[in-house]
Amino acid sequence: MVGQRQWNRRIAAFVFLLPALLGLLAFQLLPMMSSVVISFTDWDLLTNWTKMHFVGWSNYAEVFREEKSYTAIKNVFVFLIGYMPSLAVLGVFLAVLLNRSLPGIKAYRAAVFVPVITSWVAVSIVWRWILNGQSGLLNYLLSRIGIQGPIWLQDDTWAMVAIIAVTVWKDLGFVALILLAGLQDISEDYYEAAELDGASAWRKLWSVTLPMLSPTLYFVVTISLINSFQLFDQVLIMTNGGPAGATSTIVEQVYKNAFQFNKMGFAAAQSWVLFAIILAVTMLLQRLQRRWVIYER
Amino acid sequence: MRGRRLLANGLAYLILTAVSLVLVFPFAWMLSGAFKDSLEVVKMPPTLLPSHWNFDNFARIEQYFPLYRFLLNSAVVAVATTALQLLVCTMSAYAFAKIPFKGRQGVFLLFLTTMMIPAQVTLVPLFILFSKTNLIDTYAGLILPGIFSAYGTFLIRQHMLTIPNELLEAAFMDGASYYRVFRSVVVPLVKPTVAALTIFAFMGSWNNFLWPLIAVNSKELMTLPLGLSKLQGRWSTEWDILMAGNVVSFVPIFLVYLVSQRYFIKGMTMTGIK
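> How would you explain the overall build of chain A if you had to name every residue and give the values?
Scanning chain A from terminus to terminus reveals 13 helices and zero strands. N-terminal to C-terminal, the α/β element order of chain A is α-α-α-α-α-α-α-α-α-α-α-α-α. Its C-alpha atoms give chain A a radius of gyration of 25 Å, more than 25% over the compact-globule value 19 Å for 297 residues. Dimensions of chain A, computed from the C-alpha atoms along their principal axes, are close to 80 × 75 × 35 Å. The buried share among the 297 residues of chain A stands at 40%. Taking all contacts inside chain A whose residues are at least 6 apart in sequence as the whole, residues at least 24 apart take part in 69%.

> Could you give an account of the overall build of chain B, with specific residues and numbers?
Looking only at helices and strands, one finds 14 helices and zero strands in chain B. In summary, chain B has a C-alpha radius of gyration of 24 Å against a globular reference of 19 Å for 274 residues, an excess of more than 25%. By the burial criterion, 43% of the 274 residues in chain B qualify as buried.

> How would you sum up the interface of chain B and chain A? Please name residues and give values.
Contacts between chain B and chain A engage 68 residues on the former and 70 residues on the latter. For the side of chain B that touches chain A, the element with the most residues is helix α1 (residues 2-34) of chain B, which contributes 14 residues. Here the side of chain B that touches chain A is built from residues that sort into 52 nonpolar, 16 polar and no charged.

> A description of helix α9 (residues 188-196) of chain A should follow, citing residues and the corresponding values.
Little of α9 of chain A is tucked away: zero of the nine residues are buried. The positive-phi residue at the C-terminal boundary of α9 of chain A is Gly198 of chain A, with phi of around 75 degrees.

> So, the confidence of the model for chain A: which residues are in play, and what are the values?
Chain-level pLDDT for chain A is 88 on average; 98% of the residues reach the 70-or-more range. By mean pLDDT, the top-scoring element of chain A is helix α6 (residues 120-130) of chain A (94), and the lowest-scoring one is helix α13 (residues 264-292) of chain A (86).

> Now, about the environment of Asn59 of chain A: what can you tell me, with residues and values included?
Residue and element names in this part refer to chain A. Positionally, Asn59 belongs in helix α2 (residues 58-65). Here Asn59 falls in the buried class, since 23 other C-beta atoms lie within 10 Å of it. Taking the C-alpha atoms as reference, Asn59 lies 51 Å from Tyr108; in sequence the two are 49 residues apart. Leaving out residues up to four positions away in the same chain, Asn59 has contacts with Ser39, Phe40, Gly265, Phe266 and Ala269.

> So, unusual backbone geometry: which residues are in play, and what are the values?
Cis geometry is found at the peptide bond from Met44 of chain B to Pro45 of chain B, where omega equals -5 degrees. If you trace the backbone, Pro45 of chain B turns up in the loop between α1 and α2 (56-64). Positive phi outside glycine occurs at Ala244 of chain A, with the angle close to 50 degrees. For Ala244 of chain A, a count of 10 C-beta atoms within 10 Å translates into the label exposed. Even without a glycine there, the phi angle at Asn262 of chain A is positive, about 55 degrees. Turning to its location among the elements, Asn262 of chain A is positioned in the loop between α12 (250-259) and α13.

> Lay out the nonpolar core in plain terms, naming residues and giving numbers.
With 152 residues, the main nonpolar core has Ala176 and Leu179 of chain A together with Tyr94 and Val124 of chain B as its most contacted residues. Ignoring anything within four residues of it in the chain, the contact list for Leu179 of chain A reads Gly91, Val92, Ala95, Leu213, Thr216 and Val220 of chain A.

> An account of the confidence of the model for chain B is requested, with residue identities and associated values reported.
Residues and elements named next belong to chain B. Overall, the prediction assigns chain B a mean pLDDT of 89, with 98% of residues at 70 or greater. Looking across chain B, the model is least confident in helix α14 (residues 261-273), with a mean pLDDT of 73, and most confident in helix α6 (residues 139-143), with 95. Predicted complex, confidence summary: ipTM 0.88, pTM 0.90.

> Explain the environment of Phe96 of chain B to me, using residue names and the numbers behind them.
Residue and element names in this part refer to chain B. Note that Phe96 resides in helix α3 (residues 67-98). Given 25 C-beta atoms within a 10 Å radius, Phe96 is considered buried. Remark: the alpha-carbon pair of Phe96 and Phe108, spanning twelve residues in sequence, is separated by 7.0 Å. Look past the residues within four positions of Phe96 in its chain and what remains in contact with it is Arg104, Phe108, Thr153 and Arg157.

> I'd like a rundown of the packing of α6 of chain A against helix α13 (residues 239-259) of chain B, residues and numbers included.
Relative orientation of the contacting elements α6 of chain A and α13 of chain B amounts to 150 degrees, with a least axis distance of 10 Å. Compared by their axis directions, α6 of chain A and α13 of chain B come out roughly antiparallel. Of the two elements, α6 of chain A crosses α13 of chain B, and the hand of that crossing is left-handed. Contact residues: Ala122, Ile125, Val126 and Trp129 of chain A in α6 of chain A; Trp239, Leu242, Asn246, Ser249 and Phe250 of chain B in α13 of chain B. When its residues are assigned to classes, the contact of α6 of chain A with α13 of chain B shows seven nonpolar, two polar and no charged.

The rules behind the values
- Residues numbered from 1 in each chain as written.
- Chains lettered and ligands numbered in written order.
- Predicted model: local features only at pLDDT ≥ 70, side-chain atom pairs only at ≥ 80, totals over all residues.
- Helix = DSSP H or I, 4+ residues; strand = E, 2+ residues; numbered from the N terminus.
- Rg over C-alpha atoms; globule rule 2.2 N^0.38 Å.
- Buried ≥ 20, exposed ≤ 12 C-beta atoms within 10 Å, placed from the backbone.
- Contact = placed C-beta atoms within 7 Å.
- Nonpolar A, V, L, I, M, F, W, Y, C, P; charged D, E, K, R; others polar.
- pLDDT = per-residue confidence, 0-100.
- Core = buried A, V, L, I, M, F, W, Y, C linked by C-beta atoms within 7 Å.
- Axes fitted to C-alpha atoms, helices over the stretch in contact; angles between N-to-C directions.
- Parallel < 35°, antiparallel > 145°, perpendicular 65-115°, else oblique.
- Left-handed = near helix turned anticlockwise from the far one by under 90°.

As C-alpha cells, this is what we get:
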C-alpha cells in the first residue's frame with residue numbers, strides 16, 4: 001500500500017514537472033551551452049555549421065578591441081545614471097500624491113498607468129513625432145515661450161536625454177503604483193507616534209516614510225537596473241542607435257552583430273562579456289543593499 | 001488648520017492633473033493625428049483636433065500591410081502564450097510545492113538560476129535552434145519560447161507553499177489522486193496569483209518586440225509591434241499613417257485595460273512585489 005503511494009508520487013512529480021523541465025532544457029540550458037561554444041567559433045550563420053572553425057579567444061579579444069562595445073557599455077551606464085534616480089525620486093513623489101484620500105484619486109491612479117500598458121514600439125513612434133525637429137509638438141511649444149529646441153533624436157547629446165526622459169515617462173506609472181502599494185503597507189502607528197513627538201511633514205517623510213519604503217525602493221532599483229541592461233525597443237525605433245552610436249546599447253549591438261552582420265560567434269562572445277558586467281553590477285548592488293534597506297521585523 | 005488642508009489638497013490636485021496630462025496627452029495626440037490628413041498633420045501651428053475627421057490612413061496602410069492580420073496574430077500569440085504559460089507554471093509549481101521527490105531542492109535552484117540569464121545570451125542559439133527545427137516563421141515559433149517562465153513558476157509556488165498540507169492529506173484520505181488534488185484543491189486556492197500572472201504574461205507577450213523581430217520574416221505572421229516597426233520603415237515621417245497604425249495597436253489593449261483596470265494594476269504590481 002505504502003509502496004503504491006510512493007510510486008504514484010514519483011509519477012506525479014515527473015508528469016507535473018515534465019513540460020517545465022523540457023522548456024528549461026530546450027530554451028535555457030541548451031541555448032546557454034551552445035552560446036558558449038559558438039562564442040569560440042567564427043560561425044557566420046550562412047555557412048553550414050559543420051564547417052565552422054574554433055578560433056579560441058579571438059572573438060573575446062575583438063570585443064575588447066572594438067570601440068563600439070565600449071560605447072554601448074558607456075551608453076548603458078549613462079542611461080542608468082540618468083534613469084534610475086529620476087524614476088525613483090519622481091516615483092516616490094507621485095506615489096505620495098496618489099496616496100492621499102481625495103475624491104477622484106482612483107481616476108488619477110488609472111490614468112498614470114496608461115503608458116505602462118502600451119507597447120514600446122507604438123509609444124516610441126509617437127515620441128518620434130513629438131520630438132521631431134520640424135513638425136514636432138515639443139519644439140513648437142518651446143518656440144511659443146521663445147526657446148529654439150534642438151533636433152532631439154538626431155542630436156549627439158540630446159538623443160540620450162530624450163531616450164532617458166521617454167523611458168522615465170513610460171515606467172513612471174508602474175513604479176509609482178508599486179511604491180503606492182508599499183506606502184499603504186506602512187502602519188499608521190508610526191505616523192501617529194511621530195506626530196506625538198511633534199515631527200514636521202518633512203521629518204515624517206525622511207524618518208518614517210522613506211525607511212519603511214526602502215524594501216520597495218530596492219525593488220524599484222532592481223527593476224530599473226534590469227530595464228537599463230535590456231534597453232532595446234525604444235532605441236531601435238527612436239534612434240536606431242544613432243546619431244553616430246550616441247544611443248547604441250548592449251542588446252542593440254548583440255542584435256545587429258548577430259542578425260545584420262551575421263557575426264554569430266562575435267555576438268555570442270559579446271553577450272557573455274556583457275553578462276559578466278551585469279552580474280558584477282548586480283552583485284555590487286546586492287552588497288550595498290544591506291547599508292540602506294531596512295526590513296521590518 | 002482646515003484652510004491649510006484645503007490648500008494642500010488643491011495643490012495635490014494641481015500637480016496630479018499636470019503629471020497625468022503629461023503621461024496621457026501623447027495618446028490623445030496620437031489619436032488626433034491618426035485622423036488628420038497628410039497636410040494638417042505637419043501644419044504649424046498644429047491643430048489640437050483634426051479640422052475634418054479623415055479615415056483614409058487606415059485604408060492606405062492596408063494597401064501595403066495586413067494591419068488587421070497583425071492584430072489577429074498578436075491576439076492569437078498572446079492568448080496562446082498566456083494560457084500555456086499558466087498551465088506549465090502551475091503544474092511545475094505544484095510539483096515544487098506539494099510533491100516531495102528526491103533532488104527537488106536542486107532542480108528548483110536550477111530553475112531560479114535561469115531567471116538571472118539575460119535574453120541576449122540565449123538570443124543567438126535560440127534563433128539557430130528554431131531555424132534548424134523549421135520553426136522560424138510559424139506561430140509555434142512565436143509562442144513556444146514565451147510559455148516557460150521560471151519567474152511564473154516561482155511566484156505560484158510561493159503561494160502554494162502557504163496552503164496547509166493537512167488540507168491535501170484530507171483529500172488524499174478520501175482517495176483523491178494527485179491530479180484531482182491539483183485541480184480541485186490547490187489551483188482554486190491560488191487563483192489570485194494565477195490572475196496576476198495572467199495579466200503579466202498577456203502584457204509581456206502582447207508588447208514583445210525582440211523575439212518576433214528575430215523569429216518572423218513574412219508579413220502574414222507579424223505581430224503588432226513588429227508590424228508597426230515595418231510601417232515606420234516604409235513611411236518614416238508620414239505621421240498621419242504611422243499614428244493610424246499605432247491606434248490599431250493601442251485601442252484593443254486600452255479597452256481591455258478600461259474594463260479590467262483594477263486587475264491590471266493589481267496584477268502588474270503584485271507580480272512585481274511578491
